[in-house]
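Overview (structure and organization)
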Amino acid sequence: MCGIVGFSGTREAAAVLIDGLRRLEYRGYDSAGIAVADGSAINMAKVKGYVKNLSELTHDGADIRGQIGVGHTRWATHGAPNDVNAHPHISSDGRFAVVHNGIIENYALLRQELTKKGYAFVSDTDTEVVAHLLEMYYDGDEKKAVMKAAARLEGSYSLGIICAGGRLFAVREQSPLILGLGVGENYFASDVAALVPHTKNVIYLDDGEFAELTPEAITVYDVRGRAIDKPVSKVAWDVEAAEKGGYEHFMLKEIMEQPACFKATVEPRIKNGRIEFENFDLSDQELRGIRRIVVTACGSAGYAGQVGRYVIEELCRIPVSVELASELRYRNPIIDSHTLLVVISQSGETADTIAALRECKARGARVLAIVNVVGSTIAKLADHVIYTWAGPEIAVATTKGYTTQVAVLDMLAIYLADRLGLMEKERYDALVDALHAMPGKLQRAIDLNRNIHKLAKRLCKYNDIYFIGRNLDYAVCMEGALKLKEISYIFAEAYAAGELKHGTIALVEQGSLVVSLACYEPLFDKTMSNIEEVKARGAEVLAVALEGNRKILSKADDVIFVPRTEPLFNPIAQIVPLQLFAYYVAKERGCDIDKPKNLAKSVTVE
Ligand code: G6P
């Protein structure tokens, strides 16, 4: 949520900053701004809306001179999205400019204190207090002012601070911030996506640390201002991975990447026909000590967990509950050392998920994280990490992040069942073979649905869409409905097919579209009855069924077919056409697919 960038070099900073902001725009797009120091003063430009507005305003940065600067792309928390609330925020004396990601929870008290002292506020943001605190604490030493100001802040923040004289600082507390080491220039950003065009050598700042960047060096300090050594890591992917590569939208590119991402996530973990995780290996005693598994996450990651729940319970006979992180954290959760907490997060930075993790860890849970972003907060806090090797995901609506999370959960279920002695060798081998086959199945799911845009064109007129299914199909419904609603703004909700008649069917009438997932074969006939029921109330039915299923043709108005896979893995192939359907419906409705309204990809606030 919000993207920040910083640059210190010997060439003009503005264009570098604007390019960085473009790459972070998925984090928020309510406004964009940059502040650049030319050695004596700070030059600033900021504007409501997309980074392209900022680029137009500044002629691609050419109007804002200076070689050191910070930039920001905003997802509004405090104050409406407008030019004034846009970052950077500048101190009254013009000496400091600040960009911020996170929430300063004690900003109201600080604002009161600063106002009493005569500082005049121009914006409604929490961030502006930082600029005035810096001015208040400045006594000739900018580093000291940064430390003193940071010590007054409560909440989560990553800050970029430039000083009119040309010094550049980055501060981190519970919000991501990564430093990039270049040649004759250095950088920082909320995400490596903005760094990879320049360098693959990065330093992950930890909470409480801050850094000063010059063109020649980066010095990292601890909270008391003592210089510390930090390891330099190498980013594993190339700049092309975070670009559209000829696709109209990142979302479409990322949907198409799923066969390759699945392969990258699964194949390295199968060695000589056996599933092995590089960072998750429990002793037999530890394994037998697990009485329950709690999965916690937000959004699609939680829906991946819903699929995982069915598969783990089926194969391992361990009770699994899937908990919304935003609820679990405040629920005085019943968690102890016999709980395996599985935390799922693409970004590894979701505030609620981090808080739930901390809460459960403090109660003794062993924490396994399934994360996509290397070096992220969740990866650092967990006892074990299994990375989803999906590569950078830029579109706000996740696709490849979700399917690779499900892939890891499936592998985890097989691994645990085997370790617990619950699986015959034949079944184990068959499941491993089925995993190997999945990239081909994902490709088939794409190929079978090359014409789905035609269906989307016809069905995009609906304003109420109900997704129904049973068992694994129900779990997929949740993600299918979310995809549609987040990018096309159509009301879409998932219901367990058997539950429909207990209330929701009252809403079904002529003009309703029901998407019925009918791939879970043990309950296929029951789902067919539910289709009859909604049709009898006048709804149009779009079914999702396994290739070769002819029965469905007489029941549904339209059918999306997906390839047959190992039944437990059906959700992975099933979600692909639903992602494509959502994509083309949103396109028909003229929505901004990669940047849906009101949303952001990395939700670092509560
Ligand atoms: C946001 C994104 C979703 C994502 C959720 C959790 O709402 O738009 O796509 O599923 O956050 O994010 P995480 O990074 O923790 O998976």
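Structure: above.
Below you will find a few notes about this structure. Only a predicted model underlies this, so the values are computations on that prediction, with no experimental measurement involved. (Residues numbered from 1 in each chain as written. Predicted model: local features only at pLDDT ≥ 70, side-chain atom pairs only at ≥ 80, totals over all residues. Heavy atoms only, no water.)

Right, let's talk about the pattern of salt bridges for a bit. Counting across every chain of the model gives 44 salt bridges. One salt bridge connects E12 with R65, and the closest N-O pair in it is separated by 3.7 Å. Remark: R65 occurs in the loop between α2 (51-57) and β4 (68-74) and E12 occurs in the loop between β1 (3-8) and α1 (14-24); sequence separation between them is 53 residues. R65 sits in the partly exposed class, given a relative accessible area of 47%. Through salt bridges with shared partners, a single network forms among D206, E209, K230 and K380. (Salt bridge = Lys/Arg side-chain N within 4 Å of Asp/Glu carboxyl O. Helix = DSSP H or I, 4+ residues; strand = E, 2+ residues; numbered from the N terminus. Buried < 20%, exposed > 50% of the residue type's maximum accessible area, 1.4 Å probe, protein only.)

Moving on to the layout of surface pockets. Considering only enclosed or pocket space, the largest pocket measures out at about 670 Å³ in volume. At the level of secondary structure, the elements contributing two or more residues to the lining of the largest pocket comprise α9 (299-316), β20 (339-345), α11 (351-362) and α16 (472-488). Looking at the lining of the largest pocket, the element that brings in the most residues is α9, giving 4 residues. A class-by-class count of the residues in the lining of the largest pocket yields 14 nonpolar, 11 polar and 5 charged. Residue lining of the second largest pocket: 33 residues in total, with V192, W237, N372, V373 and V374 positioned closest to the centre. Its residues assigned to classes, the lining of the second largest pocket comprises 17 nonpolar, 8 polar and 8 charged. For the lining of the second largest pocket, the two domains that each supply at least three residues are domain 1 (3-239) and domain 2 (244-443). (1 Å grid on protein atoms, 1.4 Å probe; cavity = no way out; pocket = protein on both sides within 12 Å on 5 of 7 lines; lining within 4 Å. Points joined across faces, edges and corners; volume = space filled by probe spheres on them. Nonpolar A, V, L, I, M, F, W, Y, C, P; charged D, E, K, R; others polar. Domains from an automatic or database assignment.)

Moving on: the packing of α9 against helix α13 (residues 400-419). Viewed as axis vectors pointing N to C, α9 and α13 meet at an angle of 20°, and their least axial separation amounts to 9 Å. With respect to their mutual orientation, α9 and α13 come out roughly parallel. Helix-helix and strand crossings are classified by hand; for α9 and α13 the assignment is right-handed. Across the interface between the two elements, S300, A301, Y303, A304, G305, V307, G308, V311, I312, L315 and C316 from α9 touch Y402, Q405, V406, L409, D410, A413, I414, L416 and A417 from α13. Across the contact of α9 with α13, the residue classes tally to 15 nonpolar, 4 polar and 1 charged. (Axes fitted to C-alpha atoms, helices over the stretch in contact; angles between N-to-C directions. Parallel < 35°, antiparallel > 145°, perpendicular 65-115°, else oblique. Left-handed = near helix turned anticlockwise from the far one by under 90°. Contact = heavy atoms within 4.5 Å.)

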